[in-house]
Every structure is written in structure tokens, then in C-alpha cells.
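# Structural description and commentary
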Amino acid sequence: ANYNLVPRGSDWKRPFIKVDKLENLPKPLDHKGRCELGLKPDVLYMLESVISYHYLNEYNLNCEFYDKLKELNKWSAPMAYGLLQILSESKQRVWDPLDEFSRIYDRLDMKIIQKRSVPSHCALLRKIIVTPTHIYIQPPSVETTNRVIRHYSDQSEGFIRVQFMDEGFNRVGG
């Protein structure tokens, strides 16, 4: 009473924390396992992107999540891609991906699927940033094309830019 604490009855017990050994935890799917899910390349790329930026953690992605993603992939790949893109654009860690998918869908409904307009001198390109300790897979972004990409414009989704940077995202070398 002197410290404004409320006494508890004798039935109150301390909560116990259960500690599992690492070898008893289910192994998450690695990149190879995710490739074998049969997702469309764009959807798989966006999934790898949100995982590389730690917006989704592999340990939070269970069979139920992958089943939902496969179902969306078959029903509407642009919907699956759009949901992952919204997760990426929010730049927030998501602890329950299925719940977040539901919230996004309830909020945006069919506005999730939006085609981006790309100027004629640009293309929607994929890019990977390699640092000494990590590889960041960036979502596709509009970038100025070069001669090679313009020549193979019908195959522009087959190109990827790789950029080497230090941990502060500054260019390496001269």
C-alpha cells in the first residue's frame, strides 16, 4: 500500500515462458523451397524482396501463408504481387502476414491491382544491391533504359541491375 501496489490473491501465479530448442523448431522454407511452390516469377521476386528487407521473416511464414499465396497466385497473380508490393512500400515489419493481407484487402479491395504507367524512355527494372553483409532485392522500379534494354524491350523483365555498395548504401570503387 505504501508504494501503490495492489496485493494479489494466492491464486495468482507467475507466467512461465516455454523455451524450445532450436532443433525442435520447424525449419522455414528457404529460397529453393519457395521456388518449388510454383509461384509466378513476379510474385516470387516480390516475396524474396520483402524477405530480404526483413519486412517478413521466414519463421513467420507458415504453410497456411504459402497456401494462401499459391491460391492468390492461381486466382490473380497481380493481386498476390500487389499485396506483397504494398507490404514492401509500407517499409514496416509484419508479424502476422495473413492478418495483414486481410487488412490490406479490406481497406483497398480491388485497388490493389494497379498497372504502373511507364514513360517510353524508361522500363520497370529489377535491381539487387549487394553489400558486404547482405543482399537487398529491391522491388521493380522505373528506371531510364539503356541501349541494350531498348533493343530487347520485349524481354525487359529478364534483366536485373546489380549494384555493389557499402553498408551505408554508398557506391564502392571509382
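As the structure is a computational prediction, the values presented were derived from the model and not from experiment. Note that residues are indexed from 1 along each chain, following the sequence as it is written. Side-chain atom pairs in this predicted model are given and counted only at pLDDT of 80 or more, local residue features only at pLDDT of at least 70, and totals for whole chains, interfaces and linings cover all residues. As a convention, hydrogens and water are excluded, and side-chain values are obtained from all of the structure's heavy atoms.

## Notes on the pattern of salt bridges
Here, a salt bridge means any side-chain nitrogen of Lys or Arg that lies within 4 Å of a carboxyl oxygen of Asp or Glu. This structure, assessed with the given rule, holds nine salt bridges. With its nearest N and O atoms 3.0 Å apart, the salt bridge here joins Glu 58 to Arg 34. Here Glu 58 is found in the loop between α2 (41-52) and α3 (63-75), whereas its partner Arg 34 is found in helix α1 (residues 31-35), with 24 residues between them in sequence. Residue class for Glu 58 comes out partly exposed when judged on its relative accessible area of 26%. Across the salt bridge formed by Arg 103 and Asp 99, the nearest N and O atoms sit 2.7 Å from each other. Here Arg 103 pairs with Asp 99, and both are found in helix α5 (residues 97-108), just four residues apart, close to one helical turn. One continuous salt-bridge network, built from bridges that share partners, spans Arg 34, Glu 48 and Glu 58. Secondary structure is summarised from DSSP: a helix means a run of H or I of at least four residues, a strand means a run of E of at least two, and numbering begins at the N terminus for each. Throughout, exposure labels follow a simple rule: accessible area from a 1.4 Å probe, protein chains only, divided by the maximum for the residue type, with under 20% read as buried, over 50% as exposed, and the rest as partly exposed.

## A word on the packing of aromatic side chains
Here a Phe, Tyr or Trp ring, Trp counted by its six-membered ring, pairs with any other such ring whose centre lies within 6.5 Å, and the pair is stacked when the planes are under 30 degrees apart, edge-to-face when over 60, and tilted otherwise. Using the criterion set out here, one finds six aromatic pairs in the structure. Aromatic side chains Tyr 53 and Tyr 55 sit 5.8 Å apart centroid to centroid with 15 degrees between the ring planes, which places their arrangement in the stacked category. Consider the rings of Tyr 136 and Phe 169, whose centres lie 5.3 Å apart with planes at 55 degrees: the pair is tilted. Here Tyr 136, found in strand β2 (residues 135-144), pairs with Phe 169, found in the segment after β3 (160-164); they are 33 residues apart in sequence, far enough to count as distant. Using a relative accessible area of 37% as the deciding quantity, one classes Phe 169 as partly exposed.

Honestly, it's all geometry; don't read function into it.
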